[in-house]
Amino acid sequence: MPKKFLLPLFLAVALVFPLLPFANDYVLHVVTLVMVYMVLAMGLNVLPGFCGLLDLGFVGFYGVGAYTAGLLTVHYGVSLWIMVPAAVLNGALWGVVLGAPTLRLSGDYFAIVTFGFAELVVLFLTNEIWLTRGPLGLPGIDPVSVDLSFLNPAWIYEFEGERPYFYLGLAMLALVYVTMRRLEDSRLGRAWLAIREDQLAAASCGVNIYAYKIIAFGISAGVGALAGCFFARWTLFLSPDMFKFWESFLILCMVVLGGLGNIHGAMVGAAILIALGEVLRVVLPQLGLPNEARFLVYGLIMIFIMRFKPKGFFPKIAAAGEANPLIKRLRAQLEQHGGTSR
Amino acid sequence: MLEQQLVNGLTLGVIYALIAVGYTMVYGVIELINFAHGEVYMIGAFLCVTFITALGLPFYVSMLLAMGCAAGIGVTIDRVAYKPLRASPRLAVLITAIGMSIFLQNLAMIIWGSRPVPFPQDAVPAYLKETAFTFSGVHLTWLQLFIFAVTFSMMLLLYVIINHTRMGTAMRALAQNRTCSQLMGVNVNRVIAFTFALGSSMGAVAGVLVAVYYNTLSPTMGYVAGVKAFAAAVLGGIGSVPGAMLGGIVLGIAEALGAGYVSSLYRDGVAYAVLIAVIIFRPSGLLGKALVEKA
């Protein structure tokens, strides 16, 4: 089947999926969760995948987005459609504030600062009880509603059950997917890839490394906050425990599994790891192991992928450079003449 | 009160320094943040307890054995996870290090259970619990004195190894330029393995000391301590061994004072805040490269 039919096919399957007989609430819940993590994985992918920067605190932005949404809803009853941009902007703002001073330094420092930031976010959410109710969590977030009652008093629809959230999640996933694909092929994306491959070369070709890295961090943080926003209005309950380092690690593992810098890979990675998590949640107690032991598997996945398949399990089928016959021939010639293969 | 806080902070600080040395040495030699180091520290403490309870060995012997085992674990981690990736991009090794850390932490959780366990009290020599000195309201226990004695002798040993042995010279050479030291006949992989062994055994000692000091140990202890020790290493200037010692002590005191006078809820936050502040305002650390040679 030609490749161009693949995407519409996926979309059609996704649209019909909730109407199928086996799609009960549990299945829909898991699939929606997969979509949330797909969005998160795509958001994280911008940094280690496109720019070659390790972000260990991605969940911090997820938490910022979720709590922004949760608090705005609980205290002010803000509608989702106003809140989404607010939460995304808040996440992106934190990304820029954190990135501006640290992105001048080497990547190792960046990784550590993001880690510290995410830990501080959790500490803040846990200890500022007057704002977030701390470890008790934040209940009573209103579900999403579409309020068009100013046009017609009957046009008001409140989301109930998993099905409407599935479609909302799908819309979010589609939006982020399209944005990421467009970004990847844009001037911005090319600049990022150039930075990832060789900073010095990129800089000498006129790429403003610092600026592009900050943009990347802002976008990544914004996408994280978007997913958090959806998550808050979907689960209707937030607690600081949901945003601990484990989550960052899980998302990073998804990106690594799918192949760094590969948007489709990140999505497949998210689907696999969430499915694996659901399976392990049933299997582990039967083996008498604590539920956290599933991270043992994730850790192993990471070590082995980096060791044996650093491009992930789903490497780009045809990266532009690999498919180009001219580049292929040049490489073959170079190897023939004993030059380096890179 | 203030003096007591200072003494407690200093005790904590020298332990952080002991862990931080492991981070900083590995970073100096192969420029890698060895996230798994915190886990080696935790496993060291658990091994010591296991030797005491399962084999009935005395405290000091178990501690030495735990040191030896931790050295072996450190070398194994390097062999299995990092060595195959020496030529890979930095990002790949960093991700492996994170994976290794999570793997070890959960392995420990499966072996020893996820709940905190107390340190076997009857194995610890009784006099360690007693107050050694009291002057102007400050209590100093024998245990604290023991911690100071152990850490300072370890630091002295480290100083001698780095500055006065062939291996130490090779380590310093490697830190400056790997290719060049290889050309001068340094067996690079052996030196790296030695660095891991040295750092890991010091981490294990720190783990045992903390477990005795707080009378508790858990599989997650390595995570927080690892970050704090890393913060100490960065504070002192990563790659510099004296810097790591200084950074550890400063961080320990800052943390004790912060918990005592600002808010005990943000006790762990002090380390993160210091870390971020140092990286933003003075990335070379207190004893940055300009002042201290990489060791």
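Just so you know, these numbers come straight off a predicted model, no measurement behind them.

Rules used in this analysis
- Along each chain, the written sequence defines residue order, and numbers are assigned to residues from 1.
- Note on labels: chains are lettered from A, ligands numbered from 1, in written order.
- The predicted origin of the model limits local features to residues at a pLDDT of at least 70 and limits the giving and counting of side-chain atom pairs to 80 or more, whereas totals for whole chains, interfaces and linings rest on all residues.
- Comment: elements are numbered from the N terminus, with helices defined as DSSP H or I runs of at least four residues and strands as E runs of at least two.
- Throughout, the radius of gyration refers to the C-alpha atoms, and the reference size of a globule is 2.2 Å times the residue count to the power 0.38.
- Burial is judged by counting the other C-beta atoms within 10 Å of a residue's own C-beta: 20 or more makes it buried, 12 or fewer makes it exposed, and any count in between marks it as partly exposed, with every C-beta position built from the backbone.
- It is the C-beta atoms, placed from the backbone, that decide contacts: two residues are in contact if theirs lie within 7 Å.
- Gly is put with the polar residues, along with every residue not named as nonpolar or charged; the nonpolar set is Ala, Val, Leu, Ile, Met, Phe, Trp, Tyr, Cys and Pro, and the charged set is Asp, Glu, Lys and Arg.
- Pairing between strands is defined by DSSP: at least two bridges between them are needed.
- The span one expects for a helix is its residue count, reduced by one, times 1.5 Å.
- Take the seven residues that end at a residue and the seven that start at it, fit an axis to each, and the angle between those axes is the bend at that residue.
- pLDDT expresses how confident the predictor is about each individual residue, on a scale running from 0 to 100.

**Q** How would you explain the overall build of chain A if you had to name every residue and give the values?
**A** When helices and strands are tallied, chain A shows 15 helices and 2 strands. In terms of overall size, chain A behaves like a compact globule, its C-alpha atoms giving a radius of gyration of 21 Å where 342 residues would be expected to give roughly 20 Å. Taking the principal axes of its C-alpha atoms as reference, chain A extends roughly 75 × 55 × 50 Å. The proportion of buried residues among the 342 residues of chain A is 43%. Residue pairs in contact within chain A that sit at least 24 positions apart in sequence constitute 76% of those at least 6 positions apart.

**Q** Go over the interface of chain B and chain A with me, naming the residues and quoting the values.
**A** Many analyses report the size of an interface as the accessible area lost when the parts associate. In this assembly, 32 residues from chain B lie in contact with 33 residues from chain A. Of all the secondary-structure elements, those providing two or more residues to the side of chain B that touches chain A are α4 (90–112) and α11 (267–281) of chain B. Top element by residues in the side of chain B that touches chain A is α4 of chain B. It accounts for 15 residues. A class-by-class count of the residues in the side of chain B that touches chain A yields 24 nonpolar, 6 polar and 2 charged.

**Q** Outline the pairing of strand β2 (residues 138–141) of chain B, supporting the account with residue identities and numerical values.
**A** Residues and elements named next belong to chain B. The pairing of strand β1 (residues 131–135) with β2 spans 4 bridges and is classified as antiparallel. What sits directly across from T131, in β2, is T141. Here β1 hands over to β2 after 2 residues, with S136 in that stretch at a positive phi of 45°.

**Q** Summarise helix α1 (residues 2–30) of chain B; cite the residues concerned and give the values.
**A** Residues and elements named next belong to chain B. A rise of 1.5 Å per residue sets the reference length of α1, with its 29 residues, at 42 Å; its end C-alpha atoms lie 41 Å apart and thus fit the reference within 8%. Most pronounced at I19, the bend in α1 amounts to some 25°. Burial within α1 is extensive, with 22 of its 29 residues counted as buried. One or two steps after α1, the chain reaches E31, where phi turns positive at roughly 50°.

**Q** Outline the confidence of the model for chain A, supporting the account with residue identities and numerical values.
**A** Do not read the predicted coordinates in detail wherever pLDDT is low. When pLDDT is averaged along chain A, the result is 82; 93% of the residues meet or exceed 70. Per-element confidence in chain A is highest for helix α10 (residues 209–235) of chain A, whose mean pLDDT is 90, and lowest for helix α14 (residues 320–323) of chain A, whose mean pLDDT is 54.

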